[in-house]
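Listed below, chain by chain, are the residues.
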Amino acid sequence: MSIGRSEVLALYRNSLRAAQTFETYNFRAYFYRRTRDRFRTAANMALAGDSQAVSQGVQEARAELSVMQRQGTLNSMFAHKRTVLEASQNSAGGHRRRKGE
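What you see is a predicted model, and the numbers here were worked out from it, not measured in a lab.

Engineer: Requested: an account of the overall build of the chain, with residues and values cited.
Structural biologist: When you go through the chain residue by residue, the secondary structure sums to three helices and two strands. In the chain, the order of α-helices and β-strands from amino to carboxyl end is α-α-α-β-β. Sorting the 101 residues of the chain into buried and exposed places 24% on the buried side. If you take every contact in the chain between residues at least 6 apart in sequence, the share linking residues at least 24 apart comes to 66%.

Engineer: Give me the lowdown on helix 3 (residues 51-77), citing residues and values where you can.
Structural biologist: Look at helix 3: 39 Å from first C-alpha to last across 27 residues, which is about the 39 Å you get at 1.5 Å a residue. What helix 3 keeps buried is the set Ala53, Val54, Ser55, Gly57, Val58, Ala61, Glu64, Leu65, Met68, Gly72 and Asn75. At its buried positions, helix 3 is contacted by helix 1 (5-20) and helix 2 (25-48).

Engineer: Quick rundown of the packing of aromatic side chains? Include the residues and the values.
Structural biologist: Across all of its chains, the model carries four aromatic pairs by this definition. Ring geometry for Phe22 versus Phe31: centroids 4.9 Å apart, planes at 15°, classification stacked. On the basis of relative accessible area, Phe31 is assigned to the buried category, the value being 16%. Taking the centre distance of 5.0 Å and the plane angle of 70° together, the rings of Tyr30 and Phe31 count as edge-to-face. Connected via pairs of aromatic rings, a cluster forms that spans Phe22, Phe27, Tyr30 and Phe31.

Engineer: Please set out helix 1 residue by residue, giving values where relevant.
Structural biologist: Think of an α-helix as 3.6 residues a turn; residues three or four steps apart then line up on the same face. Over its 16 residues, helix 1 runs 23 Å from end to end, which matches the ideal 22 Å to within 8%, given 1.5 Å per residue. Here helix 1 has its buried residues at Leu11, Ser15, Leu16, Ala18 and Ala19. Burial along helix 1 is one-sided: seen end-on, the buried residues are contained in an arc of 160°. Exposed and oriented more than 90 degrees from the buried face of helix 1 are Ser6 and Arg17.

How each quantity is defined
Residues numbered from 1 in each chain as written. Predicted model: local features only at pLDDT ≥ 70, side-chain atom pairs only at ≥ 80, totals over all residues. Heavy atoms only, no water. Helix = DSSP H or I, 4+ residues; strand = E, 2+ residues; numbered from the N terminus. Buried < 20%, exposed > 50% of the residue type's maximum accessible area, 1.4 Å probe, protein only. Contact = heavy atoms within 4.5 Å. Expected span 1.5 Å × (residues − 1). Phe/Tyr/Trp six-rings, centres within 6.5 Å; stacked < 30°, edge-to-face > 60°. Arc of directions from axis to C-beta.

Nothing here speaks to function; it is geometry throughout.
Written as structure tokens, this is what we have:
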């Protein structure tokens, strides 16, 4: 079975979106990093010409995508206290940044 480039890119984008649905910073960063690493490895296999390994990698990525979507939904159902890393991007040291600073 031949996997098209557009199909792989769509799977990659959907996986990154699913990773961003996690409310918890650590989960979100972990799944984002894991998705990037998995697809970089698959790209290297594709360059090496190992189409069977690429097909297997795509199947595993689809399974992981469905797990991430379910876990992201579950994670968003429960409120948690935000960490310092999750603070507003517009603030620095508790003070609002002005444009141009």
